Amino acid sequence: MWFKNLAIYRLTETFTLTPVELEQKLEEYAFRPCGSLDMSTLGWTPPMGGNSEQLVHAGNGFMMVCIKKQEKVIPTPVINEQTEEQVQLAEEQQGRKLRKKERDVIKDEVIHSLLPKAFTVSRKMYAYIDPKGGWVVIDASTSNKAEELLSHLRQTLGSLPVEPPRTANSPAYIMTQWLIAQPPSDITIENECELLKPEQEGSLIRCKRQDLSLPEIKNHLDNGKQVIKIALTWADRMSFVLEENLAIKRLRFLELIQDQAAEIKTDDQAEQFDVDFSIMSLELAAFLPRLLELFGGEQQAT
């Protein structure tokens, strides 16, 4: 289980639940499939999948959880067509045009009637809690998706005091300085970035497969643009795209890490899952403090 995106959050209070205690909490909000009249359902499911029943996968002090969302799929053209048919019939019977509120009621009735026959689609989202390091790490491509998991975890636990990490220095400013001068020795700049002028509705430049040391890039920086997204490699161990809010996209664990995982040979799927999670979580436990350090460390509370 290798995460592909990282939405990272700081625990602002000590997380005290043991894996067993967390499991008990999650059981009350375990996933159930959509009923005939449910539009969607959301709940906790075993991270390992398969025949596993454990809602918490624990190892080396880290606790992985997985949320599953199932939604009914009703094509919009079907809804619109049946709604229009019902609206026309009602208007003919009543001899008048229906108001918007009345049309909306009919649309809701159409959706309700279609729910029992609708197909379902499901998706899973993974996260882990690092009580010792003080992190909640979510494999989510957007902040909205990450917040969906956090919201359900808050509901499950009663509270979850977390916040996005805040650094002493602006990531956009520091990443810009890396292009102007050079990055730290353990950071390699790859061939992709986005540059934005800070003022409202400033111009945006996207560069892909581009040598970022070329003069035209420097010209953009000299004209006041800042780096808001950049492709990097850290210590030859992982590559990723880093955004100005410290979100990480397109994360790849490189050969050094993959070789480490390959050295532990197993034909058992559950054991392989455990090996991958252990290596990944330990690697990120070393990387995340360094990530904050690159931007001056954490901003001290005032």
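Structure: see above.
Keep in mind the model is a prediction, meaning the values are calculated, not measured.

Consider a sheet: its strands pair through backbone hydrogen bonds, and that pairing is either parallel or antiparallel. Overall, antiparallel pairing links the 5 strands, which are arranged β9-β8-β10-β11-β12 in an open sheet. Bordering the open sheet on either side are β9 (204-208) and β12 (248-253), each of which pairs with just one other strand. Neighbour-to-neighbour, the strand axes of the sheet open up by a mean angle of 15°, direction not taken into account. Across 5 bridges, the pairing between strand β8 (residues 187-196) and β9 is antiparallel. Following the sheet pairing, E192 is matched in β9 by K208.

Attention now goes to the pattern of salt bridges. Tallied over the entire structure, the rule returns 21 salt bridges. Note that K229 and E243 form a salt bridge whose closest N and O atoms lie 3.6 Å from each other. Of the two residues, K229 is situated in strand β10 (residues 226-234) and E243 in strand β11 (residues 238-243); the sequence distance between them amounts to 14 residues. A salt bridge links R290 to E293; the shortest N-O distance between them is 2.6 Å.

Of all the 5 residues making up strand β1 (residues 7-11), 5 are buried; the element is thus mostly covered by neighbouring parts of the structure. Residues A7, Y9 and L11 point to one face of β1 and I8 and R10 to the other, with burial holding for every one of them. Sheet analysis places β1 next to strand β7 (residues 162-163), joined by 2 bridges and oriented antiparallel. From the neighbouring strand, R10 faces β7, where its bridge partner is E163.

For a regular strand, the rule is simple: side chains alternate between the two faces of the sheet. The element strand β4 (residues 62-73) is largely enclosed, with a buried count of 10 among its 12 residues. Bridging between strand β2 (residues 40-44) and β4 involves 5 bridges; their strand directions are antiparallel. Across the sheet, the residue bridging to L42 is K69, located in β4. Both strand β3 (residues 57-59) and β4 contribute to a ladder of 3 bridges, which runs antiparallel. By the bridge assignment, H57 is partnered in β4 with M64. As consecutive antiparallel partners, β3 and β4 are separated by 2 residues, and within that stretch N60 has a phi angle of approximately 55°, a positive value. Both β4 and strand β5 (residues 119-130) contribute to a ladder of 11 bridges, which runs antiparallel. Of the residues in β5, the one forming a bridge with M64 is Y128.

Rules and cut-offs
- Residues numbered from 1 in each chain as written.
- Predicted model: local features only at pLDDT ≥ 70, side-chain atom pairs only at ≥ 80, totals over all residues.
- Heavy atoms only, no water.
- Pairing = 2+ DSSP bridges.
- Helix = DSSP H or I, 4+ residues; strand = E, 2+ residues; numbered from the N terminus.
- Axes fitted to C-alpha atoms, helices over the stretch in contact; angles between N-to-C directions.
- Salt bridge = Lys/Arg side-chain N within 4 Å of Asp/Glu carboxyl O.
- Buried < 20%, exposed > 50% of the residue type's maximum accessible area, 1.4 Å probe, protein only.

Taken by themselves, the reported measurements are silent on function.
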